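# Fold and contact review
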Amino acid sequence: MPATPAWPPRSLPRLFVETSLGPDVRVELDAAQANYLGNVMRMKQGDQLLLFDGSSGEWLAQVAEAGKKRMVLTVSQPTKPQEAVPDLWLAFAPVKKGKVDWMVEKAVELGVARLLPVITQRTIVDKLNLDRLRAHIIEAAEQCGRTSLATIEEPVKLGSFLKSRDPARTLYFADETGGEPASTTFTHGPSLIVTGPEGGFTPEEAQAIRGAPNSRAISLGPRILRAETAALAAVAAWMASAGDWNG
């Protein structure tokens, strides 16, 4: 007996748009999106694709008008409800350009809701191109099937970050000197993971994080991890035990 094909086909192009989506809504793409679909993907009038706007789930649409530099889409019906985003924030010390791009992309794929760059004494990079990182966030969400977009904030110094954070949100400190095993420490509820820079936190910084209200130090195992690896390992461990990986 032949298998029933999945609908809509997962091979359809998937695109984030700023327009609020709904039945029969017309979406005029910006120049870059029109160029990508028309000249790179070779889409033409009548072709189908999937859209999401970050707040109303995923929708099936088709190309209504296609020109050299212009494309208009017509939305038809929903294909996926808006996701329930796990309430996990990631505070990380920025690393070099290629590594931070990769880390942000993978954190989005893993399901992080908010990204918080934090400047420490040993942070090598103190400025970030947030427009570039937001573009990576969108591309990652398009690729992995998310229907919401993670947010990324302006970098702040560690001291200001600790003073302004809401203590009701549990802070999990990935402490290279040791802590409770990550696999058994995470609990359900609003969570914040804090990971350090290349070279780690200074002893004074580590003491300040450990002493913050509702803070728990966690261990990511016996091996020395790169900064971007530690951040993603902690996120994956949280998703497996307290996030949406366990159903």
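For clarity, every value in this text was computed on a predicted model and none was experimentally measured. Position numbers for residues count from 1 along each chain, tracking the sequence in the order it is written. A pLDDT threshold of at least 70 governs which residues receive local features in this predicted model, and a stricter bar of 80 or more applies before side-chain atom pairs are shown or counted, although totals over entire chains, interfaces and linings include all residues. Only hydrogens and water are set aside; all other atoms, that is, all heavy atoms of the structure, feed into the side-chain values.

## With respect to the overall build of the chain
- Secondary structure assignment for the chain yields seven helices and 13 strands.
- Over its C-alpha atoms, taken along the principal directions, the chain stretches across nearly 60 × 45 × 30 Å.
- Exposure classes here rest on a 1.4 Å probe applied to the protein chains alone. A residue is buried below 20% of its type maximum, exposed above 50%, and partly exposed in between. When burial is assessed residue by residue, the chain has 46% of its 247 residues classed as buried.
- A fraction of 72% describes how many contacts in the chain between residues 6 or more apart in sequence connect residues 24 or more apart.
- Just so you know, the count uses Lys and Arg for positive and Asp and Glu for negative, and it drops His and the chain ends. Note that the charge is assigned to NZ on lysines, CZ on arginines, CG on aspartates and CD on glutamates. Between the averaged position of the 27 positive side-chain charges in the chain and that of its 28 negative side-chain charges there is a distance of 4 Å. Only DSSP runs of H or I reaching four residues or more are called helices, and only runs of E reaching two or more are called strands; each is numbered from the N terminus. Residue contacts follow a heavy-atom distance rule, with two residues in contact if any of their heavy atoms lie within 4.5 Å.

## Quick look at the environment of K80
- For K80, the location among the structural elements is in strand β5 (residues 71-80).
- For K80 and L60, which are 20 residues apart along the polypeptide, the C-alpha to C-alpha distance reads 9.3 Å.
- Polar contact is the term for a pair of N or O atoms within 3.5 Å; when the atoms are in protein, one must be able to donate a hydrogen and the other to accept it, and sequence-neighboring residues count only if both atoms are side-chain atoms. A polar side-chain atom of K80 sits 3.0 Å from the main-chain carbonyl oxygen of G145.

## Overview of helix α6 (residues 203-210)
- Those residues of α6 that fall on the buried side of the exposure criterion are E205, A206 and I209. The buried residues of α6 occupy an angular sector of 100° when projected down its axis, which confines them to one face. When the buried face of α6 is taken as reference, the exposed residues oriented beyond 90 degrees from it are P203, E204 and Q207. To obtain the arc, one takes the directions from the helix axis to the C-beta atoms.

## Brief notes about the confidence of the model for the chain
- Each residue carries a pLDDT value, the predictor's own confidence for that position, ranging from 0 to 100. In this model, the chain carries an average pLDDT of 93, and 96% of its residues clear a pLDDT of 70 or more.
- Of the regions scoring below 50 in pLDDT, residues 1-5 engages in zero contacts with residues more than four places distant in sequence or in other chains.

## Considerations on the side chain of D175
- Inspection of the secondary structure puts D175 in the loop between β10 (170-174) and β11 (180-181).
- In this structure D175 comes out as buried when scored by relative accessible area, which is 5%.
- Setting aside residues up to four positions removed in sequence, D175 forms contacts with R210, A217 and I218.

## Details of the nonpolar core
- Joining through side-chain atoms within 4.5 Å is the link that ties buried Ala, Val, Leu, Ile, Met, Phe, Trp, Tyr and Cys residues into a set, and such a set is a nonpolar core. Within the largest apolar cluster, 33 residues are counted, with the highest numbers of intra-cluster contacts made by L90, V100, L115, F186, I193 and W238.
- Put simply, the parts of the chain that give this core at least two residues each are β6 (88-92), α2 (97-110), α3 (130-144), β10 and α7 (227-241).
- Top element by residues in this core is α7. It accounts for seven residues.
- For I193, the contacting residues outside a window of four places in its chain are L88, W89, L90, A91, Y172, F186, A234, V235 and W238.
- Listed in part, the 16 residues of the second largest apolar core include V17, A34, L51 and L73.

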